[in-house]
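Summary of structural features
So you can see what is in the structure, the chains are spelled out below.
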Amino acid sequence: MKAYGFIIIAAVIALSGCKNRNGEYDANGVFETTEVIVSAKGSGEIMQFDILTGQDVEAGAQIGWIDTTQLYLKKAQLAVSIRALSNRKVNVSRQIAALKQQIETARHEQKRFETLVAQNAANQKQLDDITAGLSTLEKQLAAQTETLNNSNNSLSDEQESLAVQIAQIDDLIGNSIIKSPVSGTVLSKYAETGEFATTGRALFKVADLGDMYLRAYITSSQLTAVKIGQQVRVFSDMGESGRNEYRGTVAWISDKAEFTPKNIQTRDERANTVYAVKIAVKNDGYLKKGMYGQIKFD
């Protein structure tokens, strides 16, 4: 009789536990975070890369670098070429100074002979010859000036082209510095100092663990009562110490139904399809990626 009574009590407790598990919370899910896999932007030997898994990194801070020796040598070569082109440029004013002096002299002679012709002290042919010579000199000046300017412009264009190449190398050198695009915690490290990196090779994975998401699943009947920005209560399992409660915000609601994941319970266990939602939660340090959590809609 005592044994029979014990079995009844145990059954009542079990049923009570099932009821609390299914009815106490509106949805269950797993905590996750936005992960960023950082890849190499340059190629070469990794000269320094001393971060450790679990280490916190700041966005934009240098955490390593890839060998840039060949890039610096190429940049120096281009700088020498720019200086050589600069030395090939000519001073146009100095080059045409003599010709301009001849023109000035010819104009002075033209005026003098115009006066002499007016006084019948010289003939018209002499004046015409001086005028023709002046016209020739002026044409020579225009042609020479244009040629010299074109030559200098061509050299300037070459210099600009080399300057663009230097800018490209500077960009490659900058890309050889390994940085984290976000502040967060290093989750995985895929390369070590001394290894050869190629453009696109994954170096490490980082995530901001300060902003977590609880990916939970709700039924179609719950979907109509949930909206973006809605405040909810989030609970995390802390083992023997019980549960921690957080304030969360509905950040995303899936517009497509899916079959209930095997490791997720819903409020209505009979539901075959559910909708995924993401609840944004500020992490106080106790939330971990992959930890189970529950939500309660206010």
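Look up a bit, the structure's there.
Every value quoted in this text rests on a predicted model; they were computed, and no experiment measured them.

Description of helix α5 (residues 124-175)
Relative to the 76 Å expected for 52 residues at 1.5 Å per residue, α5 spans 76 Å between its end C-alpha atoms, a close match to the ideal helical length. The N-cap of α5, judged by a side-chain oxygen 3.3 Å from the amide nitrogen of Lys 125 a few residues on, is Asn 123.

Here's the deal with the nonpolar core
Among the nonpolar cores identified, the biggest contains 19 residues, and Phe 31, Ile 218, Val 234, Ile 279, Val 281, Leu 287 and Ile 295 are the most heavily contacted of them. Of all the elements in the fold, those that place two or more residues in this core are β1 (27-32), β10 (211-218), β11 (231-237), β12 (243-253), β14 (273-282) and β15 (292-297). Once residues lying within four places of it in the same chain are set aside, the contact partners of Val 234 are Phe 31, Leu 214, Asn 244, Glu 245, Tyr 246, Gly 248, Ile 279, Val 281, Gln 294 and Ile 295. Within the second largest apolar cluster, 15 residues are counted, among which are Ile 63, Val 186, Ala 191 and Leu 203.

Considering the sheet that holds strand β4 (residues 56-57)
Each strand in a sheet pairs with its neighbour through backbone hydrogen bonds, running either in the same direction (parallel) or in the opposite one (antiparallel). Here 4 strands make up an open sheet; going across it, the order is β2-β9-β7-β4 and the pairing antiparallel. The open sheet has two edge strands with one neighbour each: β2 (35-39) and β4. Pairing of strand β7 (residues 184-189) with strand β9 (residues 202-207) involves 4 bridges; the strand directions are antiparallel. Bridge assignment links Ser 188 to a residue of β9, and that residue is Lys 205.

Here we look at the pairing of β1
Burial within β1 is extensive, with 5 of its 6 residues counted as buried. Here β1 pairs with β10 via 4 bridges, running antiparallel. Across the sheet, residue Phe 31 finds its bridge partner in β10, namely Leu 214.

Comments concerning the sheet that holds strand β5 (residues 62-66)
Reading across from one edge, β6-β5-β3-β8 is the order of the 4 strands in this open sheet, with antiparallel pairing throughout. Edge positions in the sheet fall to β6 (177-179) and β8 (196-197), since each has one partner strand and no second. As paired strands, β5 and β6 are joined by 3 bridges and run antiparallel to one another. Counterpart to Trp 65 in the pairing with β6 is Ile 177.

Points about the packing of aromatic side chains
Considering all chains together, one arrives at 2 aromatic pairs under this definition. Consider the rings of Phe 49 and Phe 204, whose centres lie 6.0 Å apart with planes at 50°: the pair is tilted. A residue pair is termed long-range when its members are at least 10 positions apart, and Phe 49 in strand β3 (residues 44-49) and Phe 204 in strand β9 qualify at 155 residues. This pair shows no difference in class: Phe 49 is buried, exactly as Phe 204 is.

A short note on the packing of helix α4 (residues 97-118) against α5
When two helices pack together, their arrangement is given by the angle between the helix axes and by the axis-to-axis distance. Here α4 crosses α5 at 160°, and the two axes come no closer than 9 Å. When the interaxial angle is binned, α4 and α5 end up roughly antiparallel. Seen along the crossing, α4 lies across α5 with a hand that is left-handed. Each of Leu 99, Lys 100, Gln 102, Ile 103, Ala 106, Arg 107, Glu 109, Gln 110, Phe 113, Glu 114 and Val 117 in α4 lies in contact with α5, whose residues at this interface are Gln 124, Gln 126, Leu 127, Ile 130, Thr 131, Leu 134, Leu 137, Glu 138, Gln 140, Leu 141 and Gln 144. Taken together, the residues of the contact of α4 with α5 sort by class into 10 nonpolar, 7 polar and 5 charged.

Comments concerning the pairing of β5
One ladder, built from 3 bridges, connects β3 with β5; its direction is antiparallel. Of the residues in β5, the one forming a bridge with Phe 49 is Gly 64.

The rules behind each value
- Residues numbered from 1 in each chain as written.
- Predicted model: local features only at pLDDT ≥ 70, side-chain atom pairs only at ≥ 80, totals over all residues.
- Heavy atoms only, no water.
- Helix = DSSP H or I, 4+ residues; strand = E, 2+ residues; numbered from the N terminus.
- Expected span 1.5 Å × (residues − 1).
- Polar contact = N/O pair within 3.5 Å; in protein donor to acceptor, adjacent residues only side chain to side chain.
- Core = buried A, V, L, I, M, F, W, Y, C linked by side-chain atoms within 4.5 Å.
- Buried < 20%, exposed > 50% of the residue type's maximum accessible area, 1.4 Å probe, protein only.
- Contact = heavy atoms within 4.5 Å.
- Pairing = 2+ DSSP bridges.
- Phe/Tyr/Trp six-rings, centres within 6.5 Å; stacked < 30°, edge-to-face > 60°.
- Axes fitted to C-alpha atoms, helices over the stretch in contact; angles between N-to-C directions.
- Parallel < 35°, antiparallel > 145°, perpendicular 65-115°, else oblique.
- Left-handed = near helix turned anticlockwise from the far one by under 90°.
- Nonpolar A, V, L, I, M, F, W, Y, C, P; charged D, E, K, R; others polar.

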